[in-house]
Amino acid sequence: MKKNITLALAAVLAAASLAACGSSSTPEATTDAATTAAATEAATEAATEAAAETTAAAEASDAIEPLAEPVDIKIGATPSPHAEILEAAKDDLAAAGINIEIVTYNDYVQPNLATEQGEIQANYFQHQPYLDDFNAENKTSLVSVGKIHYEPFGIYAGKSSDLANIADGAQIAVPNDTTNEARALLLLQDNGIITLKDGAGLKATKQDIVENPHKVELLEVEAAQIPRSVDSVDFACMNGNYAIEAGFKPSDALVQEDPNSEAAQTYGNIVAVAEKDKDADWAKKLVEVLQSKKVADFINEKYEGGVIPLQ
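This structure is a prediction, so every number in the text was calculated from the model and none was measured.

Undergrad: Which residues make up the nonpolar core, and what values go with them?
TA: Grouped together as the largest cluster of nonpolar side chains are 29 residues, with contacts concentrated most on V271, W282, L286 and L290. In terms of residue count, the dominant contributor to this core is helix α10 (residues 281-290) (six residues). Once residues within four sequence positions are removed from consideration, W282 is found in contact with L67, V71, I73, I98, Q121, A122, V273 and D277. Counting 23 residues, the second largest nonpolar core, distinct from the first, contains L188, I193, F235 and C237.

What follows is the structure, encoded as structure tokens:
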């Protein structure tokens, strides 16, 4: 294909050279000009066709090979962005041999239980630390088959909006599950609101707070309910998916996690399946499609930094 393009471009250059040098008005010159024009048109068409063949070949090389036998699966997801991303990928998944039925959930417990019990075959809503804690607490054995995206955790204004001059006794809503509460505490520490004991890291709890100069009150709220609590607290620490679902934009956050932080790398959202399905071809293909450039482009365009694809 490259050879075709090279020959075509050479023909175009040769034709242009003849046209620039031919200034005679004799019949012979007129004939030569007509011949040159025809050659130029032919060369341009050849170059266009060769370029089209190259583009088609590149697209074919990026195509995902379908499963030998199509499968039908149910996959659980929270409404935004997870269900939206799955909906956007639905046609590509079907082309890859996976026909999905999206089952939406508004909490973090039921989709895991439904996957464990076989009511659905996979879910897409959580990060690995949450899944690890869930498995330990519920004696389940779900496993991740791949990371798809990361949602920056943020602090949003409630009754107050000046985080730099936070009032003494300010109330701050934080998620009540272990892993997401640690994210909130680390973000509050990064912004000088509290100080945690050394080494608390991603396992931090309220008991790890060693300095609280403004005596802020941390209110532990179920993660999905925090957006509904914003107006009753001074500030709210929210998961990206629930913030988006509630209509918040990334630019609404007063502060967000650094995308290069330990938290960002740790809290990538995953596709989880029952342990028996961890090596299933359909599970691998599902992740392959969701990690594709096409899906990444959709995420970047739709969420404008509120959701960041991981590939």
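Undergrad: Provide a residue-level description of the layout of surface pockets, including the pertinent values.
TA: A volume near 180 Å³ is recorded for the second largest pocket. Along the walls of the second largest pocket sit S80, E84, I244, F248, K249, P250, K302, Y303 and E304, which together make up its complete lining. Residue composition of the lining of the second largest pocket, by class: four nonpolar, one polar and four charged.

Undergrad: Hey, could you go over the sheet that holds strand β11 (residues 255-256) for me, with residue numbers and the actual values?
TA: With respect to topology, five strands assemble into an open sheet ordered β9-β6-β10-β5-β11, the strand pairing being mixed. If you trace the sheet from one side to the other, it starts and ends with β9 (217-221) and β11, each paired once. Pairing of strand β6 (residues 171-175) with β9, which is carried by five bridges, proceeds in the parallel orientation. Its bridge partner lying in β9, A173 is registered against L219.

Undergrad: Account for the packing of helix α3 (residues 79-95) against α10, naming residues and giving values.
TA: Closest axis-to-axis distance for the α3/α10 pair is 10 Å, and the angle between their directions is 115°. It follows from the interaxial angle that α3 and α10 lie roughly perpendicular. In this structure, the crossing between α3 and α10 has a hand that is right-handed. Here I85, L86, A89, D92 and L93 of α3 lie close against α10, whose contacting residues are L286, V289 and L290. Along the lines of polarity and charge, the residues of the contact of α3 with α10 split into seven nonpolar, no polar and one charged.

Undergrad: With reference to specific residues and values, describe the sheet that holds strand β12 (residues 269-274).
TA: Either a parallel or an antiparallel arrangement is found when strands of a sheet pair, and the pairing is made through backbone hydrogen bonds. Pairing is mixed across the open sheet formed by six strands, whose spatial order is β2-β1-β3-β12-β4-β13. Taken across any chain shown, the strands that pair with only one partner, and hence form the sheet edges, are β2 (98-104) and β13 (308-309). In this structure, strand β1 (residues 71-77) lies alongside β2, joined through seven bridges in parallel fashion. Of the residues in β2, the one forming a bridge with I73 is I100. Along the sheet, α10 makes contact with β1, β2, β3 (122-127), β4 (142-150) and β12, crossing β4 at roughly 10°.

Undergrad: Before we move on, can you summarise empty space enclosed by the protein with the specific residues and values?
TA: Vacant regions in the atomic arrangement are exposed by a probe of water-molecule size rolled over the atoms. Going through the model one piece at a time under the given rule, you end up with two cavities of 30 Å³ or more. Empty space within the largest cavity amounts to approximately 80 Å³. Surrounding the largest cavity, 13 residues form its lining, Y108, F125, H127, N239 and N269 being those nearest its centre. Considering every element that reaches the lining of the largest cavity, the biggest residue donor is β3, with three residues. Across the lining of the largest cavity, the residue classes break down as four nonpolar, seven polar and two charged.

Undergrad: An account of the pairing of β12 is requested, with residue identities and associated values reported.
TA: Counting buried residues in β12 gives six out of six residues, a clear majority hidden from the surface. Strand direction decides the pairing type here: β3 and β12, joined by five bridges, are antiparallel. Across the sheet, residue N123 finds its bridge partner in β12, namely A272. As paired strands, β4 and β12 are joined by six bridges and run antiparallel to one another. Bridge assignment links G146 to a residue of β12, and that residue is V271.

Undergrad: Please provide a residue-by-residue account of helix α6 (residues 178-190), values included.
TA: Over its 13 residues, α6 runs 18 Å from end to end, which matches the ideal 18 Å to within 8%, given 1.5 Å per residue. Of all the 13 residues making up α6, ten are buried; the element is thus mostly covered by neighbouring parts of the structure. Taken as a whole, α6 has its buried residues at T179, N180, E181, A182, R183, A184, L185, L186, L187 and L188. Note on α6: the residue one or two positions beyond its end, G192, has a positive phi of about 75°.

What counts, and at which threshold
- Residues numbered from 1 in each chain as written.
- Predicted model: local features only at pLDDT ≥ 70, side-chain atom pairs only at ≥ 80, totals over all residues.
- Heavy atoms only, no water.
- Core = buried A, V, L, I, M, F, W, Y, C linked by side-chain atoms within 4.5 Å.
- Buried < 20%, exposed > 50% of the residue type's maximum accessible area, 1.4 Å probe, protein only.
- Helix = DSSP H or I, 4+ residues; strand = E, 2+ residues; numbered from the N terminus.
- Contact = heavy atoms within 4.5 Å.
- 1 Å grid on protein atoms, 1.4 Å probe; cavity = no way out; pocket = protein on both sides within 12 Å on 5 of 7 lines; lining within 4 Å.
- Points joined across faces, edges and corners; volume = space filled by probe spheres on them.
- Nonpolar A, V, L, I, M, F, W, Y, C, P; charged D, E, K, R; others polar.
- Pairing = 2+ DSSP bridges.
- Axes fitted to C-alpha atoms, helices over the stretch in contact; angles between N-to-C directions.
- Parallel < 35°, antiparallel > 145°, perpendicular 65-115°, else oblique.
- Left-handed = near helix turned anticlockwise from the far one by under 90°.
- Expected span 1.5 Å × (residues − 1).

Read these as layout, nothing more, since geometry by itself doesn't imply function.
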